[in-house]
Amino acid sequence: MTAPAATYGRVTDAPLDLAAHEAAVADRRAGAVVSFQGVVRDHDHGRPVTSLEYEGHPTAERILHEVAAEIAADPDVYAVAVSHRVGPLAIGDVALVAAVSTAHRAAAFAACARLVDEVKARLPIWKRQVFADGTEEWVNCP
């Protein structure tokens, strides 16, 4: 019987570290580690963005762990690490980091894509972005 996949995740106001997430999914059986960074960009739908802020619901970290555990339940996955940042972020800051290890690259790419998609769909974290003209909008609010 193989050991269950390891998971790591957090919701934090501290900067996120891609290398730490990749290290968290290190496994001697793994032939592939795929990682992803969601970076704050300077535009959205053709409008210049100057800054943004993420606000998380108190259940956000629990849900993040649930999503990671679901991805880790895939028998091809050895380990999963995912974190999302909250608080004010500047252009170029990392808002989301994910890493997955598997035996083969196709499974790792697929698992990492599922992980990021599920986090974006289910995590109760909302984004307030400020545009260059001084207007703002909230994104991903229920």
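What you are looking at is a predicted structure, and each value in this text was computed from that prediction instead of being measured.

### Overview of the environment of Val 40
Argument step 1. Looking at where Val 40 falls in the secondary structure, it is placed in the loop between β2 (32-39) and β3 (43-44).
Argument step 2. With 16 residues separating them along the chain, Val 40 and Ala 24 place their C-alpha atoms 24 Å apart.
Argument step 3. Not counting the four nearest positions on each side in its chain, Val 40 is found in contact with Leu 52, Leu 89, Ala 90, Ile 91, Gly 92 and Asp 93.

### Overview of the pairing of strand β9 (residues 136-139)
Looking along a regular strand, one sees the side chains alternate between the two faces of the sheet.
Argument step 1. Two strands pair when backbone bridges link them, and strand β8 (residues 125-131) and β9 are joined in this way by four bridges, in the antiparallel orientation. When the bridges of β9 are listed, Gln 129 appears paired with Glu 137.
Argument step 2. Counted along the chain from β8 to the antiparallel partner β9, the turn is four residues long, and its residue Gly 134 has a positive phi close to 95°.

### Brief notes about unusual backbone geometry
Argument step 1. Positive phi values are uncommon outside glycine, yet His 45 reaches one of about 50°.
Argument step 2. The exposed category is assigned to His 45, whose relative accessible area is 75%.

### Structural notes on the side chain of Thr 12
Argument step 1. Note on placement: Thr 12 falls in strand β1 (residues 6-12).
Argument step 2. Side-chain polar atoms of Thr 12 contact the backbone nitrogen of Ala 14, separated by 3.0 Å.
Argument step 3. Among residues more than four places away in sequence, those in contact with Thr 12 are His 84, Arg 85 and Val 86.

### Describing the packing of aromatic side chains
Argument step 1. Overall, the coordinates contain zero aromatic pairs when judged by the stated rule.
Argument step 2. Note that Arg 47 overlies the ring of Phe 131, its terminal NZ or CZ placed 3.7 Å from the centroid.

### Here we look at the pattern of salt bridges
Argument step 1. For the coordinates displayed, the defined rule picks out 10 salt bridges.
Argument step 2. Asp 27 serves as the salt-bridge partner of Arg 29, at 2.8 Å between the closest nitrogen and oxygen.
Argument step 3. You can call Arg 29 partly exposed: its relative accessible area is 40%.
Argument step 4. Its relative accessible area of 25% is what places Asp 27 among the partly exposed residues.

### Observations concerning the nonpolar core
Argument step 1. Tyr 54, Val 80, Val 82, Val 100, Leu 115, Val 119 and Leu 123 are the most contacted members of the largest nonpolar core, which has 30 residues in total.
Argument step 2. Breaking this core down by element, the ones donating at least two residues are β2, β4 (47-56), α2 (60-72), β5 (77-85), β7 (94-102) and α3 (105-122).
Argument step 3. Beyond its immediate sequence surroundings of up to four residues, Val 82 is in contact with Tyr 8, Gly 9, Arg 10, His 21, Leu 64, Ala 68, Leu 96, Val 97, Ala 98, Leu 115 and Val 119.

### Structural notes on α3
Argument step 1. Between its first and last C-alpha atoms α3 spans 26 Å; for 18 residues at 1.5 Å apiece the expected length is 26 Å, and the two agree.
Argument step 2. For α3, the complete set of buried residues consists of Ala 108, Ala 111, Cys 112, Leu 115, Val 116 and Val 119. Angularly, the buried residues of α3 cover 130° about the axis, an arc narrow enough to put them on a single face. Exposed and oriented more than 90 degrees from the buried face of α3 are Ala 106, Phe 109, Asp 117 and Ala 121.
Argument step 3. Among the structural elements, β2, α2, β5 and β7 are those in contact with the buried residues of α3.

About the cut-offs
Residues numbered from 1 in each chain as written. Predicted model: local features only at pLDDT ≥ 70, side-chain atom pairs only at ≥ 80, totals over all residues. Heavy atoms only, no water. Helix = DSSP H or I, 4+ residues; strand = E, 2+ residues; numbered from the N terminus. Contact = heavy atoms within 4.5 Å. Pairing = 2+ DSSP bridges. Buried < 20%, exposed > 50% of the residue type's maximum accessible area, 1.4 Å probe, protein only. Polar contact = N/O pair within 3.5 Å; in protein donor to acceptor, adjacent residues only side chain to side chain. Phe/Tyr/Trp six-rings, centres within 6.5 Å; stacked < 30°, edge-to-face > 60°. Lys NZ or Arg CZ within 6 Å of the ring centre and 35° of its normal. Salt bridge = Lys/Arg side-chain N within 4 Å of Asp/Glu carboxyl O. Core = buried A, V, L, I, M, F, W, Y, C linked by side-chain atoms within 4.5 Å. Expected span 1.5 Å × (residues − 1). Arc of directions from axis to C-beta.

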